[in-house]
2 protein chains.
Amino acid sequence: MSIILYSLCGAETARPFSPHCWKTVMALRHKGLDFVESPQAFTEIPKVEGGVSKIVPILKDGDTIVSDSFDIALYLEATYPDRPSLFGGEGGMVLSRFVESYGLTMLHMAVTKIAINDIHAMLGPVDQAYFRESREQRLGKPLEDFIATRDAEIAAFPEKFATLRHLLKRQAYLGGESPLFADYILFGALQWLRVTTGSIHLPSGDPVAGWFDRLLDLYDGHARKVA
Amino acid sequence: MSIILYSLCGAETARPFSPHCWKTVMALRHKGLDFVESPQAFTEIPKVEGGVSKIVPILKDGDTIVSDSFDIALYLEATYPDRPSLFGGEGGMVLSRFVESYGLTMLHMAVTKIAINDIHAMLGPVDQAYFRESREQRLGKPLEDFIATRDAEIAAFPEKFATLRHLLKRQAYLGGESPLFADYILFGALQWLRVTTGSIHLPSGDPVAGWFDRLLDLYDGHARKVA
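The model shown is predicted, which means the values in this text are computed figures rather than measured ones.

Notes on the overall build of chain A
Each helix and strand in chain A was counted, giving eight helices and four strands. Counting from the amino terminus, chain A carries its helices and strands in the arrangement β-α-β-β-β-α-α-α-α-α-α-α. Rg of the C-alpha trace for chain A: 17 Å, near the compact-globule value of 17 Å for 227 residues, within the 12% margin. The principal-axis extent of the C-alpha atoms belonging to chain A is close to 50 × 45 × 30 Å. Within the span of chain A, comprising 227 residues, buried residues form 56% of the whole. In chain A, once contacts between residues fewer than 6 apart in sequence are set aside, the share between residues at least 24 apart is 68%.

In structure tokens:
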């Protein structure tokens, strides 16, 4: 077994939840590559492979180590060109960056505001202390302040998907008739929300929920098995 | 001269303003194709080329007629494959649809709310009557109701570009180091706003304003000459 993916988990290693790591899991499955996922606690990540990266995902493929989900996708595309493409060419590669920016600007803060206390509850004690300190510093307020606003964030959540919902009237995936890495970029955000809170907080008839369901079904339902 | 582009104008034919037609103008320039632009008033469009389409752009290339800006881009890419690519391959083609959905869901209603009375003022009397009736029906209120909310819409406008602004920290264009059709899709919305209101309503230091400026400079400053 040559490929190892270091990802992120809380107290239970069977429930990896990082959006960026899920992008990589789906990219590896898309390429049909065998790999072993090695979920790590937040405070264990700096020790992985001799401290190569402070953040996951970290991919080890033989002697090559790559971190950052987009860089890993680029690496996989260049290294395994005979496997199904993640980008569909150079234009797909650069425009996937726009989708990445969409996920980061439109979805990630919304998921954070909904899930932050759920995430905290999933962690072991050492990680809980790290998570509280780093997130409270980054967000400028106590984690508990997000409890009161959670319902309003959930109510506002479906609207964040207006662009994707509009697109799905035309095509089944961002990649057209079948998914590309761009699909996994946005999938990651919803899988993060699903694993940490138990729901994607979208109405079941929403085309975005249908798209997400189709992605959960891919690759023997790999992503659906984690909940 | 074989290519004719039918576009949209008000009382002055020298000031075509449709966002979708601007996408096509830039796509034709990108391909380095000679063309004649034939701007039409709203109520003249149904008479173009024997009534082939109710909406512009309409492209006539020899015996071929194509309408819809995206379909025209696909036609140009297929018909002139040796010219610079508008999509950078199949993946770029499908992901440009996501950018199109982004423009339609995030930007077009915002521009409409800011510019609607400016557009009305640009039109001849017959078109003014058509425009008022069709837009008031579509939007559910008198054009004059948008006057009171215009300043608030302008204040909220820069935030609509959060995704593009985030991307532009990484790369000069959606297309990477040089523009693709995806750039022209979002350019069209801002050019529509610029021609109809005289401003793009973004701070001059905004990276999005810088990107728009670079696009205005392209092709001998073609788009900048219309104001």
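Quick notes on the relation of the copies chain B and chain A
Of the transformation placing chain B onto chain A, the axial shift is 0.0 Å and the rotation is 180°, giving an RMSD of 0.0 Å. Look at the turn and shift together and you get a two-fold axis relating the two. Among all C-alpha atoms of chain B, that of G92(B) lies closest to the rotation axis, at 2.0 Å. A share of 100% of the interface residues of chain B reappears at the interface of chain A, consistent with the copies meeting face to face through the same patch.

Regarding the pairing of strand 4 (residues 64–67) of chain B
Residues and elements named next belong to chain B. Here strand 3 (residues 58–61) runs beside strand 4; their pairing, made up of four bridges, is antiparallel. When the sheet's bridge partners are listed, L59 is paired in strand 4 with V66. Where strand 3 folds back on strand 4, the antiparallel hairpin that results is connected by two residues, among which G62 adopts a positive phi of roughly 65°.

Looking at the UniProt feature "domain: GST N-terminal" (unreviewed entry) in chain A
If you check UniProt for "domain: GST N-terminal" (unreviewed entry), the listed places come out as residues 8–84 of chain A in our numbering. Along residues 8–84 of chain A one finds 30% helix and 18% strand; the C-alpha atoms at either end are 26 Å apart.

Some thoughts on the domain arrangement of chain A
Residues and elements named next belong to chain A. The domains assigned to chain A are domain 1 (3–79) and domain 2 (90–225). The gap between the C-alpha centroids of domain 1 and domain 2 is 18 Å. With 24 residues of domain 1 at the interface, the matching set in domain 2 holds 33 residues. Counting the surface lost from both domain 1 and domain 2, the interface buries some 2600 Å², and carbon and sulfur atoms represent 72% of this. The largest per-residue losses of area from domain 1 upon contact with domain 2 belong to M26, F42 and F70, which jointly make up 28% of the total buried on that side. The salt bridge involving R29 is made with D220; its shortest N-O contact spans 3.6 Å. Taken together, domain 1 and domain 2 are joined by eight residue pairs in polar contact (both at pLDDT 80 or more). Of all the secondary-structure elements, those providing two or more residues to the side of domain 1 that touches domain 2 are helix 1 (19–30) and helix 2 (69–79). Counting residues per element, the side of domain 1 that touches domain 2 draws most heavily on helix 1, at nine residues. The class makeup of the residues in the side of domain 1 that touches domain 2 is 14 nonpolar, five polar and five charged.

Some points on the sheet that holds strand 3 of chain B
Residues and elements named next belong to chain B. Spatially, four strands are ordered 2-1-3-4 in an open sheet, and the strand pairing comes out mixed. The open sheet terminates on both sides in strands that have one partner only, identified here as strand 2 (36–40) and strand 4. On average, each strand axis in the sheet is inclined to that of its neighbour by 20°, with strand direction left out of account. Against the sheet, helix 1 (residues 19–30) engages strand 1 (3–8), strand 2 and strand 3, with an angle of about 155° to strand 1. The sheet contacts of helix 2 (residues 69–79) involve strand 3 and strand 4, and relative to strand 4 the element is tilted by about 140°.

Here's the deal with the sheet that holds strand 4 (residues 64–67) of chain A
Residues and elements named next belong to chain A. Reading across from one edge, 2-1-3-4 is the order of the four strands in this open sheet, with mixed pairing throughout. Of all strands in the sheet, those with a lone pairing partner are strand 2 (36–40) and strand 4, marking the two edges. Taking the axes of each pair of neighbouring strands and ignoring which way they run, one obtains an average angle of 20° across the sheet. Against the sheet, helix 1 touches strand 1 (3–8), strand 2 and strand 3 (58–61), its axis set at about 155° to strand 1. Contacts from helix 2 reach strand 3 and strand 4, with the element oriented near 140° to strand 4.

Here's the deal with the packing of helix 1 of chain A against helix 2 of chain A
All names here are of chain A. Remark: helix 1 packs on helix 2, axes separated minimally by 9 Å, with the N-to-C direction vectors making an angle of 15°. Comparing the axis directions of helix 1 and helix 2 gives the class roughly parallel. When you trace helix 1 past helix 2, the crossing you get is right-handed. Contact residues: helix 1 offers H20, K23, T24, A27 and L28, while helix 2 offers S69, I72 and L76. Counted by class, the contact of helix 1 with helix 2 contains four nonpolar, three polar and one charged residues.

Parameters and conventions
Residues numbered from 1 in each chain as written. Chains lettered and ligands numbered in written order. Predicted model: local features only at pLDDT ≥ 70, side-chain atom pairs only at ≥ 80, totals over all residues. Heavy atoms only, no water. Helix = DSSP H or I, 4+ residues; strand = E, 2+ residues; numbered from the N terminus. Rg over C-alpha atoms; globule rule 2.2 N^0.38 Å. Buried < 20%, exposed > 50% of the residue type's maximum accessible area, 1.4 Å probe, protein only. Contact = heavy atoms within 4.5 Å. Least-squares fit on C-alpha atoms with pLDDT ≥ 70 in both. Pairing = 2+ DSSP bridges. UniProt positions renumbered as here; feature names shortened; annotations may be inferred. Domains from an automatic or database assignment. Buried area = accessible area lost by both parts, 1.4 Å probe. Salt bridge = Lys/Arg side-chain N within 4 Å of Asp/Glu carboxyl O. Polar contact = N/O pair within 3.5 Å; in protein donor to acceptor, adjacent residues only side chain to side chain. Nonpolar A, V, L, I, M, F, W, Y, C, P; charged D, E, K, R; others polar. Axes fitted to C-alpha atoms, helices over the stretch in contact; angles between N-to-C directions. Parallel < 35°, antiparallel > 145°, perpendicular 65-115°, else oblique. Left-handed = near helix turned anticlockwise from the far one by under 90°.

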